[in-house]
Structure formats: C-alpha cells, structure tokens
Amino acid sequence: MPAAKKRRKRAAKGRSRRSAPAASEKKLARALEKIIEEHLGVSGALIPVLHKAQRLYGYLPEGVIRRVSSGLRVPLSEVWGVVTFYSFFSTTPLGRYQVRVCKGTACFVKGAQRLVDEIVRRTGVEVGGVTDDGKFSLEVCRCLGCCSIAPVVSFNGRIYQKVAPKTLGAILDGCT
Ligand code: FES
C-alpha cells in the first residue's frame, strides 16, 4: 500500500476513535430528550425522569440535571433538592457494582464502620469514589429500611443482611 494511502487510513482511524465518545454523547443526549418528552406535563414526573436519566448515564452529571430542569420546566433548585435528598441518586460516577453500606443507627451500633473499612481494604475504593477499573463504587447511607437485619450492605440494590467483615470477602468475590 502506498505511504500516502497508509497515512490517510491511519488518520481516518484516529478520527473515528476520537469522534466515538462525541457520538455516544449525542446518542445519550437524544435518549435523554426522548425521556423528557415522554414525561412532559405529567405530574410527578421528576423522580421517574431522574431515575431514567441516571440509568442512562450511570449517574447524574450537572448538565443532565440542568437539562431535566429546563426540559420539565421544574426549577433547578427543586431538582437539586430531590437529587440531594434521595440517597439513590448520585451526582458522581458509579461503579458497575454500586455498594452502599448503611450507617443508620441500628447498622452503626452493629459494626457498619468495620464493613466500610473492610470494603476499602479489599477493593481500594474510597467512600464516595470508584475503583480505578470502574468495578466498585462505595457510598454510605442512612437507614435502608431494614434495621431488624442490621448491619446491611446493598450491592446494586440487593440487600445483604447481618453482614460481618469476614463474610464480605465472599460477597465481593461473587461480583465478577
Ligand atoms: S439503620 Fe441500617 S437499615 Fe436501618
């Protein structure tokens, strides 16, 4: 193959690689618009729209929050209020496995902090952060509503009850 043709081919490859994230951004933006359109004028639509947006993006970036606000014509302060009130919304990127350790009173007295420490030790994730490989994110929250089986840890919404530091290894190993 002539050198010039090879160079053109390499350049085209580079362009398509660079434009891939922009293309997927556009796709996400279109999907978000569709969600907003479907809920426009529907009362109580804010939380379902935020849920769908979070599922789409993996979290709720500021730009998405602003778009939901303007798209649904809900004041930005109200949208922020909802996002920050409910622990299931996140404004930071989440891991493939979203780990939540309950540190409500019942869980706290039954050793929730030791569970946090063990997860940090085993995965290297920080509270409020994501592992470098994007596998785990870790958050602490207040009362998951199942105090009688404290301490509890949630993995992608699945609740594990009466968790002890030594049983966390098996749970984490099951996250493939
Ligand atoms: S305090 Fe943890 S579930 Fe209620």
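Residues numbered from 1 in each chain as written. Predicted model: local features only at pLDDT ≥ 70, side-chain atom pairs only at ≥ 80, totals over all residues.

Reading across the sheet, the four strands line up as β2-β1-β3-β4 and stay open at both edges, with mixed pairing between neighbours. Strands at the two margins of the open sheet, each flanked by one partner only, are β2 (136-141) and β4 (158-160). Averaged over all pairs of adjacent strands, the angle between their axes in this sheet comes to 25°, without regard to strand direction. As judged from the three bridges shared by strand β1 (residues 97-102) and strand β3 (residues 153-155), these two strands associate in the antiparallel manner. Considered in β3, the bridge of Arg100 is made with Ser154. Its contacts with the sheet place helix α6 (residues 112-123) against β1, β2 and β3, and it is angled at close to 150° to β1. (Pairing = 2+ DSSP bridges. Helix = DSSP H or I, 4+ residues; strand = E, 2+ residues; numbered from the N terminus. Axes fitted to C-alpha atoms, helices over the stretch in contact; angles between N-to-C directions. Contact = placed C-beta atoms within 7 Å.)

We now examine the confidence of the model for the protein chain. Per-residue confidence for the protein chain gives a mean pLDDT of 87, with 87% of residues at or over 70. Confidence drops under a pLDDT of 50 for residues 1-20, and excluding neighbours within four residues, the segment shows one contact in the predicted structure. (pLDDT = per-residue confidence, 0-100.)

Another aspect to go through is unusual backbone geometry. Trans is the common state for peptide bonds, and a negative phi is the common state for residues other than glycine. Residue Pro151 is bonded to the preceding Ala150 through a cis peptide linkage, with omega at 0°. For Arg73, which is not glycine, the phi torsion reads 60° and is therefore positive. Topologically, Arg73 is positioned in the loop between α3 (62-72) and α4 (76-85). Looking at Arg73, the number of C-beta atoms within 10 Å reads 8, which means it is exposed. (Buried ≥ 20, exposed ≤ 12 C-beta atoms within 10 Å, placed from the backbone.)

Here the focus is the pairing of β1. With five of six residues buried, β1 is to be regarded as a mostly interior element. Sheet topology note: the β1/β2 ladder contains six bridges and is parallel. Bridge pairing in β2 places Arg100 opposite Glu139.

Moving on to the environment of Glu38. With respect to the element layout, Glu38 can be found in helix α1 (residues 3-39). Considered as a pair, Glu38 and Val49 are 11 residues apart in the sequence and their alpha carbons are 9.2 Å apart.

With their axes 9 Å apart at the nearest point, α6 and helix α7 (residues 165-173) run at an angle of 45° to one another. The angle between α6 and α7 places the two elements in the oblique class. Pair α6 / α7 crosses with right-handed handedness. Residues Arg114, Leu115, Glu118, Ile119, Arg122 and Thr123 of α6 pack against Pro165, Leu168, Gly169 and Leu172 of α7. Looking at the contact of α6 with α7 residue by residue, the classes come out as five nonpolar, two polar and three charged. (Parallel < 35°, antiparallel > 145°, perpendicular 65-115°, else oblique. Left-handed = near helix turned anticlockwise from the far one by under 90°. Nonpolar A, V, L, I, M, F, W, Y, C, P; charged D, E, K, R; others polar.)

This part covers α6. Taking 1.5 Å of rise per residue, the 12 residues of α6 would be expected to cover 16 Å, and the 17 Å separating its terminal C-alpha atoms lies within 8% of that figure. Taken residue by residue, α6 has Ala112, Leu115, Glu118, Ile119 and Thr123 as its buried positions. Buried residues in α6, looked at end-on, bunch into an arc of 115°, giving them a common side. Close packing links the buried residues of α6 with β1, α5 (105-109), β2, β3 and α7. In the stretch just after α6, Gly124 is the one whose phi turns positive, near 85°. (Expected span 1.5 Å × (residues − 1). Arc of directions from axis to C-beta.)

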